[in-house]
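Here are the chains, one letter per residue:
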Amino acid sequence: MEEQEENRSRWLNIRLKPDEYKGLKKRFNKTTFQTMSEYHRALLLGNPVIVIHRDKSMDEVLEELILLRRELNFVGNNLNQAVRNINSAHGFSDTRLWMNLLTIINGKLEPSITQIKEGMNKYADLWSQKLKKERIR
C-alpha cells in the first residue's frame, strides 16, 4: 500500500517585536524559499537553508563585458557589410576599390578587436585571481 503523507495539523505560534519580524523577513527575502512557513520550518527543524548571494564586486566587470560585446557586434556588422559589398561587386571595375576599402576598414577595426581582446584578458585575469582568493579561504 502507498504511504500517505501526513498533513501538517499542529500550530506553533510565536510573538515577535516589529524589529525582530523585520529581521526575519529580511533574511527570508535572501533565500530561495517561497513562503515564510517553509523558511521557518527549515530553521526550526535544522534543515539546510539556501541563501542567494550576489557578488556586487563583479558588477563593474559585467558592465565592461557588456560594452565589449556591443563593440564586437559593431565590428562584426561592419565587416559583414564590407564583405557583402565586395561580393556584389565581384567582376566589376569597383572590385579593386572595394578591396582597398576593406583594407582601410580592417585597419580601423583591428584596434577595436585588439582592445576587446585586451579587455577580455584583463577581466579573465581578475576573475581567476578572485577564484584563487576564494579557494585559499
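Here the structure is shown first, and the text comes after it.
Residues numbered from 1 in each chain as written. Predicted model: local features only at pLDDT ≥ 70, side-chain atom pairs only at ≥ 80, totals over all residues. Heavy atoms only, no water.

Draft legend 1. Representation of the overall build of the protein chain within the structure. Looking only at helices and strands, the protein chain features four helices and zero strands. When its helices and strands are written in sequence order, the protein chain yields α-α-α-α. Intrachain contacts of the protein chain at a sequence separation of at least 6 include 37% that bridge at least 24 residues. Accessible surface computed for the protein chain: about 12500 Å², of which carbon and sulfur atoms make up 53%. (Helix = DSSP H or I, 4+ residues; strand = E, 2+ residues; numbered from the N terminus. Contact = heavy atoms within 4.5 Å. Areas by Shrake-Rupley, 256 points an atom, 1.4 Å probe, with all protein chains shown as cover.)

Draft legend 2. How the structure looks around the environment of Tyr-21. Inspection of the secondary structure puts Tyr-21 in helix H1 (residues 18–29). The residues contacting Tyr-21, other than those within four sequence positions of it, are Leu-16 and Met-36.

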